[in-house]
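One letter stands for each residue in the lines below.
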Amino acid sequence: PRIPPNPNSQPMAATAMEHDGGAEVVVTPGELLGPSSSLEAGRGAYADGRSVRASVTGRRRFVAPAPGSSDQRSTVEVVGHKAHGAVPQPGSIVIARVTKVMARMASADIMCVDSKAVKEKFTGMIRQQDVRATEIDKVDMYQSYRPGDIVRALVLSLGDARAYYLSTAKNELGVVSAQSIAGGTLVPTSWTEMQCELTGQIEQRKVAKVE
């Protein structure tokens, strides 16, 4: 009879599969982990009304309550997979690239958090009311940002749909780098205007104060 090449390979593979396919589920920021009635938020998680959600990307893990504990809820935590880069937190200053501009908000990919590069994808949303501090009702999103703009923004909170709410409503926040329609570099000329180096054309933006 033929001897299989490695009799130990199958049980090991099965164990690895069980490990990945069992309770070890990878979750991302904002993802629902379960109801707060039966779960307590541990590290990497937060309570959001009646729900517990992930605040970081990682593997979901449940920890049973201590014997004799008055709170019989299990604790759910999210354990980082691999080394984490920077993770946005409320109050962080981020650098983000605008990806899409709509009538009431703009979306952006966060690239740096407090000057540290991120290692995973975080999405930010800048809502119309968070673009600037004055004349909020007159904000025109299309005259504030364009796709491809690099903005400096403040993280307000972890919003819905796994996106962070960002604000540029301070003088030092807003567009820090941008390209014109013609493909030239835009240079700030005022709080609301930038000029193309190639054509001299003026474009509207919510400009960050130049330090």
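Residues numbered from 1 in each chain as written. Predicted model: local features only at pLDDT ≥ 70, side-chain atom pairs only at ≥ 80, totals over all residues. Heavy atoms only, no water.

1. Examining the pattern of salt bridges
Operational definition: Salt bridges are defined as contacts in which a side-chain nitrogen from Lys or Arg sits within 4 Å of a carboxyl oxygen from Asp or Glu. For the exposure calls, accessible area comes from a 1.4 Å probe over protein chains only, and a residue counts as buried if that area is under 20% of its type's maximum, exposed if over 50%, partly exposed in between.
Summed over the entire model, instances satisfying the criterion amount to 9 salt bridges. Put simply, R53 and D48 hold a salt bridge, and the shortest N to O gap is 3.0 Å. The class for D48 is partly exposed, based on a relative accessible area of 37%. Among the ionic pairs, R73 bridges to D71, the shortest N-O distance being 3.0 Å. With relative accessibility at 27%, the residue D71 sits in the partly exposed group.

2. Describing the side chain of R205
To keep it simple, the criterion reads: Numbered from the N terminus, helices here are DSSP runs of H or I no shorter than four residues, and strands are runs of E no shorter than two. Between N or O atoms, a polar contact is any pair within 3.5 Å; within protein, one atom must be a potential hydrogen donor and the other a potential acceptor, and residues adjacent in sequence are included only when both atoms are from side chains.
Mapped onto the elements, R205 comes out in the segment after β16 (202-204). The class for R205 is buried, based on a relative accessible area of 2%. In terms of polar contacts, R205 uses its side chain to reach the side chain of D149, at 2.7 Å.

3. Overview of the environment of Q89
Looking at the secondary structure, you find Q89 in the loop between β7 (74-80) and β8 (93-101). For Q89, a relative accessible area of 43% translates into the label partly exposed. Remark: the alpha-carbon pair of Q89 and V113, spanning 24 residues in sequence, is separated by 8.6 Å.

4. Examining the sheet that holds strand β1 (residues 26-27)
Put simply, the rule is: Here, strands pair whenever DSSP counts at least two bridges between them.
If you walk across this open sheet you meet the 4 strands as β1-β6-β7-β3, and the pairing is mixed. Each end of this open sheet is capped by a strand with a single partner; those strands are β1 and β3 (39-41). Here 2 bridges tie β1 to strand β6 (residues 58-63), and the two strands are oriented antiparallel to one another. Looking at β6, one finds that V26 is bridged to R59.

5. Considerations on the environment of A47
Applied cut-off: Two residues qualify as a contact provided that any one of their heavy atoms is within 4.5 Å of a heavy atom in the partner residue.
Mapping A47 onto the fold places it in strand β4 (residues 45-48). Using a relative accessible area of 55% as the deciding quantity, one classes A47 as exposed. Between the alpha carbons of A47 and P35 there is a distance of 8.9 Å; along the sequence they are 12 residues apart. Contacts of A47, omitting those with residues within four sequence positions, involve A41 and V52.

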